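Letter by letter, the chains look like this.
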Amino acid sequence: MLHPTRRRLGVLPRTWRFGDIQRRLAPATGALVSVALLLAAALPPATLERQAAAVEIRGSTYFVKAPFQLSLITYSSNVSQPWPEYYLTIPMPEQAGAALGALEVQQIGGADWQFDFDASRTRAFIGKPRREGRSVPVEASFDEARRQFLIRFPQPPMPGETVTVSLRPVRNPIVADTYLYTVRAFPVGPQPVASPVGVGRVRIYTPDWY
């Protein structure tokens, strides 16, 4: 028989086993799980989306997990070759937390700093070069003095998608060299903060017959 003080305080007798406690708590635990499931089902989709939204700190927007991989290739790699395409491919992490709002691409290396790009011919698509998916609208500008592209996505690529942007020089550099481009990504949201993605390399060659 329990001491009166132990009964009032709800102290369990030492002779009870853990299995007895589990059996007595099971109905209450099941009820709590059921309530939790009902509450989750009642949440509107917008609420669930906000749980995976980008991080906002003091009015600025950050990726939860920023893109960190890129490739930059061209299939037209001879000096002075007209209208090549430089394919910049970036996989968006599933856990990015925000869509891709914009890219900043800037030349940081190479012997020729004068060859022109035609920003109006910039295009983008979901997928990889020679395995193109749907087109992605872009708004692109090129600052000649800074050798810098700014590429905005009116319909932003989503987390989990791989996006490729095609940059279009009027012609390749006139000097063979390895040309380096640093890339930064901006999330969708107010005052987006750029995250560095990496550095892409384009190798330009002088053919034997040149």
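Predicted model, so just to flag it, every value in this text is computed and none were measured. (Residues numbered from 1 in each chain as written. Predicted model: local features only at pLDDT ≥ 70, side-chain atom pairs only at ≥ 80, totals over all residues. Heavy atoms only, no water.)

Re a nonpolar patch on the surface
Spelled out, the test is: Patch rule: a residue counts if its relative accessible area is over 30% and it has no salt bridge; like charges are joined within 9 Å, and nonpolar side chains (Val, Leu, Ile, Met, Phe, Trp, Tyr) within 5 Å. Per-residue and other accessible areas follow the Shrake-Rupley method at a 1.4 Å probe size, with only the shown protein chains counted as cover for residues. Definition used for salt bridges: Asp or Glu carboxyl oxygen within 4 Å of a side-chain nitrogen of Lys or Arg. Per the convention used, a helix needs a DSSP run of H or I reaching at least four residues, while a strand needs a run of E reaching at least two, with both numbered from the N terminus. Only protein chains enter the calculation, and the probe is 1.4 Å; a residue is then buried if its accessible area is under 20% of its type maximum, exposed if over 50%, and partly exposed in between.
Taken together, the side chains of Val 55, Ile 57, Tyr 62 and Val 64 present a nonpolar region at the surface, about 310 Å² in accessible area. As for its placement among the helices and strands, Val 55 is situated in strand S1 (residues 55-57). When its relative accessible area of 34% is taken as the criterion, Val 55 is described as partly exposed.

Points about the sheet that holds strand S8 (residues 139-143)
Rule in force here: Two strands are counted as paired when DSSP detects at least two bridges linking them. Orientation is described by lines fitted to C-alpha atoms, with helices fitted over the stretch in contact, and by angles between N-to-C directions that extend from 0 to 180 degrees.
Read from one edge to the other, the open sheet built from 5 strands follows the order S8-S9-S5-S11-S12, with strand pairing classed as antiparallel. Two strands close off the open sheet at either side, each with one partner strand: S8 and strand S12 (195-204). The mean inter-strand angle of the sheet, taken between neighbouring strand axes irrespective of direction, is 20°. Bridge count between strand S11 (residues 177-187) and S12: 9 bridges; the pairing is antiparallel. Residue Thr 178 lies in a different strand from S12, and its bridge partner there is Arg 203.

Considerations on the confidence of the model for the protein chain
As a reminder, the rule being used: Here pLDDT means the predictor's own confidence in every residue, given as a number from 0 to 100. Any pair of residues with heavy atoms lying within 4.5 Å of one another is described as a contacting pair.
Overall, the predicted model of the protein chain reaches an average pLDDT of 82, with 74% of residues at or above 70. For residues 1-19, every residue scores under 50 in pLDDT, and the model assigns this stretch 10 contacts once sequence neighbours within four places are set aside. Confidence drops under pLDDT 50 across residues 24-52; counting only partners more than four residues distant or on other chains, this segment forms 4 contacts.

Here's the deal with the packing of aromatic side chains
Put simply, the test is: Paired rings are identified among Phe, Tyr and Trp, the last through its six-membered ring, by centres lying within 6.5 Å, and are further divided according to the angle between planes into stacked (under 30 degrees), edge-to-face (over 60) and tilted (the rest).
Under the definition given, this model contains 7 aromatic pairs. Taking the centre distance of 5.8 Å and the plane angle of 85° together, the rings of Phe 115 and Tyr 179 count as edge-to-face. You can see Phe 115 sitting in the loop between strand S5 (100-109) and strand S6 (123-128) and its partner Tyr 179 sitting in strand S11, a full 64 residues away along the chain. What makes Phe 115 buried here is its relative accessible area of 5%. A relative accessible area of 1% means that Tyr 179 is categorised as buried. With a centroid separation of 4.8 Å and an interplanar angle of 40°, the aromatic rings of Phe 142 and Phe 149 are classed as tilted. Comparing Phe 142 with Phe 149, the two get one shared label, buried. Feature note: the residues Tyr 86, Phe 115, Phe 117, Phe 142, Phe 149 and Tyr 179 constitute an aromatic cluster, connected by ring pairs.

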